[in-house]
Amino acid sequence: GDILDEYVSYSGGQIKVEFIDPKADQTSRQELYAAGIPELQFNALEKDKYQVINGYLGMLIKYGEKFQIIPVIQETKDLEYQITSSLKKLTSPKIAKIGFWQGNGAADTAKEVSAAYEELAKIYNVVPVNYAVDKKIADGLDILIIIGPKEKFNDDELKALDGFLMVGGSLVILADGVKVEPGLLADKNDSGLNKILESYGLKLNENLVLDVNNGLASFNQGFVSFTVNYPYWPKIIKPGFDQTNPAVARLESLVLPWASTIDIASDKTKNLAVSYLAVTSDRAMAMADNFKLEPLAQISGENRGKFNLAVALTGQFKSPFNQISSKSGRLILAGDSDFIRDNFLRNYPDNLLFFQNVIDGLSL
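## With respect to the layout of surface pockets
Line of reasoning, step 1. One number sums up the size of the largest pocket: a volume of about 1100 Å³.
Line of reasoning, step 2. Lining the largest pocket are 31 residues, and of these Val-17, Glu-18, Met-59, Leu-60 and Ile-61 lie nearest its centre.
Line of reasoning, step 3. Sorting the residues of the lining of the largest pocket by element identifies helix H1 (2–11), helix H2 (26–35), strand E2 (49–55), strand E3 (59–63) and helix H3 (79–91) as the ones contributing at least two each.
Line of reasoning, step 4. For the lining of the largest pocket, the element with the most residues is E3, which contributes five residues.
Line of reasoning, step 5. The calculated volume of the second largest pocket comes to roughly 900 Å³.
Line of reasoning, step 6. Residue lining of the second largest pocket: 30 residues in total, with Ile-70, Pro-71, Gln-82, Leu-353 and Gln-356 positioned closest to the centre.

Put into structure tokens, the structure is as follows:
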């Protein structure tokens, strides 16, 4: 209740809060059901003994005819973020236009990253960007997302991306320095993006990170399948998220399978705002070749430390093509694209929250 009281007082009467118990009111129950707020069963202590009761733990945020829901409030750690972004989505006069890059072997929005695509499409105006056909980036685009390219970008494409940043666009790149094919075959993946990234002060390395904090992976051997902790799937936990960045500060976990490290050149980023979105534990290591990806391979090595796996830069970037920066742009780089693919989200739904929060942070 305290958080909600703050919203009411801060809004100067523009926000009204109402607590309802739908048990006695059929109309309220139907409205909640239609909106997507479920009725839950939980144990509650009543008269010194536990009883199973039905109830609601959701929130319906209405503005005119439009509404947003928080279906189940389990904890309050990111409630403020959820409420604020819901209010912003409902009241913003302009809906951000978001483009997904097609081509260069990037992930298929219908088959490989459909969950991420559909989540954004619920709120934003989402369009494909087919540079090979249109020879330009769509007009009026606010955010451009590139997921998992496997074919090298040519200079025309790089110049278009650079130009988009120079006029104040937000560029989100989820790219793999090493691609892992079926059968755990690892191959370096030179997308050509470093040509522009290095001018901005970033470098995506062609390596793989192993971390003592990691996710569980399932493997088949013969007719047996087994699940093990897999160091090549580093898991970012609370201290690894930038606590000064509201988009990620309250996240609990993110698993980045087969991720590559990102170097930051401080001399080139000194005039930019840098946010270290996702950082490994201080006991991680990076492997640049002789990748042994089988699940129970022994990992040995001395050079352990922290590595950046996702970074955000804001400001006026230095163009490698001598294009003029007229407005502050924003760049987000993650050294992995697998984390947001449909087949991976099934086991790690928190990854979608990271992706959504980062995009909301750019657009709202």
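## Considerations on the sheet that holds strand E14 (residues 224–237)
Line of reasoning, step 1. Spatially, the three strands line up as an open sheet ordered E13-E14-E15, and their pairing is antiparallel. A strand with exactly one partner marks an edge of an open sheet, and here the two such strands are strand E13 (214–221) and strand E15 (253–255). On average, each strand axis in the sheet is tilted by 40 degrees relative to the strand beside it, whichever way the strands run.

## What to know about the nonpolar core
Line of reasoning, step 1. Ranked by size, the top nonpolar core spans 40 residues in total, and within it Leu-120, Ile-145, Ile-340, Phe-354, Phe-355 and Ile-359 carry the most contacts.
Line of reasoning, step 2. Elements with a contribution of two residues or more to this core: strand E5 (97–101), helix H4 (114–121), strand E7 (143–147), strand E8 (170–174), strand E17 (273–279), strand E19 (308–315), strand E20 (329–334) and helix H10 (350–363).
Line of reasoning, step 3. At six residues, H10 tops the list of elements feeding residues into this core.
Line of reasoning, step 4. Not counting residues within four places of it along the chain, the set of residues in contact with Ile-145 comprises Ile-98, Gly-99, Phe-100, Trp-101, Leu-120, Val-172, Phe-355 and Ile-359.
Line of reasoning, step 5. With 33 residues, the next largest nonpolar core counts Leu-202, Ile-262, Leu-331 and Leu-333 among its residues.

## Re the packing of H4 against H10
Line of reasoning, step 1. Following both chains from N to C, one finds H4 and H10 inclined at 40 degrees, their axes separated by 11 Å at the closest point. Viewed along their axes, H4 and H10 adopt a mutual orientation that is oblique. As for the relative orientation of H4 and H10, their crossing is right-handed in sense. Where H4 approaches H10, its residues Ala-116, Glu-119 and Leu-120 are matched on the opposing element by Leu-352, Phe-355, Gln-356 and Ile-359.
Line of reasoning, step 2. Grouping the constituent residues of the contact of H4 with H10 by class yields five nonpolar, one polar and one charged.

## Thoughts on empty space enclosed by the protein
Line of reasoning, step 1. All told, the structure shown has two cavities of 30 Å³ or more when counted by the stated rule.
Line of reasoning, step 2. Every residue along the wall of the largest cavity is listed here: Gly-177, Asn-189, Asp-190, Ser-191, Gly-192, Leu-193, Asn-194, Leu-204 and Glu-206.
Line of reasoning, step 3. In the lining of the largest cavity, the residues fall into two nonpolar, five polar and two charged.
Line of reasoning, step 4. What the second largest cavity holds in volume is close to 40 Å³.
Line of reasoning, step 5. Val-172, Leu-174, Ile-332, Ala-334, Phe-339, Phe-354, Phe-355 and Val-358 are the residues that line the second largest cavity.
Line of reasoning, step 6. The set of elements that each furnish at least two residues to the lining of the second largest cavity consists of E8, E20 and H10.
Line of reasoning, step 7. If one sorts the elements of the lining of the second largest cavity by residue count, H10 sits on top with three residues.
Line of reasoning, step 8. Per-class residue counts for the lining of the second largest cavity are eight nonpolar, no polar and no charged.

## Topic: unusual backbone geometry
Line of reasoning, step 1. In the Ramachandran plot, Asn-104 falls in the positive-phi region, its phi being about 60 degrees despite a non-glycine side chain.
Line of reasoning, step 2. With respect to the element layout, Asn-104 can be found in the loop between E5 and H4.
Line of reasoning, step 3. Assessed through its relative accessible area of 9%, Asn-104 is described here as buried.
Line of reasoning, step 4. Even without a glycine there, the phi angle at Leu-184 is positive, about 55 degrees.

## Some details on the pattern of salt bridges
Line of reasoning, step 1. A full pass over the atoms with the stated rule returns nine salt bridges.
Line of reasoning, step 2. The closest approach of N and O atoms between Lys-195 and Asp-155, which form a salt bridge, is 3.0 Å. Placement of the pair is Lys-195 in helix H7 (residues 194–200) and Asp-155 in helix H6 (residues 155–166), with a sequence separation of 40 residues.
Line of reasoning, step 3. A network of salt bridges, in which partner residues are shared, links Glu-112, Asp-338 and Arg-341.

## Brief notes about the packing of aromatic side chains
Line of reasoning, step 1. Summed over the entire model, instances satisfying the criterion amount to 14 aromatic pairs.
Line of reasoning, step 2. Geometrically, the ring pair formed by Trp-101 and Tyr-131 is stacked, given 5.9 Å between the ring centres and 15 degrees between the ring planes. Separated by 30 residues along the polypeptide, Trp-101 in strand E5 and Tyr-131 in helix H5 (residues 131–134) bring together distant segments of the chain.
Line of reasoning, step 3. On the accessibility criterion, Trp-101 (2% relative accessible area) is buried.
Line of reasoning, step 4. Note on Tyr-230 and Tyr-232: the rings are 5.7 Å apart at their centroids and 50 degrees apart in plane angle, and the pair reads as tilted.
Line of reasoning, step 5. For Tyr-232, a relative accessible area of 3% gives the class buried.

So, how was this worked out
Residues numbered from 1 in each chain as written. Predicted model: local features only at pLDDT ≥ 70, side-chain atom pairs only at ≥ 80, totals over all residues. Heavy atoms only, no water. 1 Å grid on protein atoms, 1.4 Å probe; cavity = no way out; pocket = protein on both sides within 12 Å on 5 of 7 lines; lining within 4 Å. Points joined across faces, edges and corners; volume = space filled by probe spheres on them. Helix = DSSP H or I, 4+ residues; strand = E, 2+ residues; numbered from the N terminus. Pairing = 2+ DSSP bridges. Axes fitted to C-alpha atoms, helices over the stretch in contact; angles between N-to-C directions. Core = buried A, V, L, I, M, F, W, Y, C linked by side-chain atoms within 4.5 Å. Buried < 20%, exposed > 50% of the residue type's maximum accessible area, 1.4 Å probe, protein only. Contact = heavy atoms within 4.5 Å. Parallel < 35°, antiparallel > 145°, perpendicular 65-115°, else oblique. Left-handed = near helix turned anticlockwise from the far one by under 90°. Nonpolar A, V, L, I, M, F, W, Y, C, P; charged D, E, K, R; others polar. Salt bridge = Lys/Arg side-chain N within 4 Å of Asp/Glu carboxyl O. Phe/Tyr/Trp six-rings, centres within 6.5 Å; stacked < 30°, edge-to-face > 60°.

On their own, these measurements won't tell you what the molecule is for.
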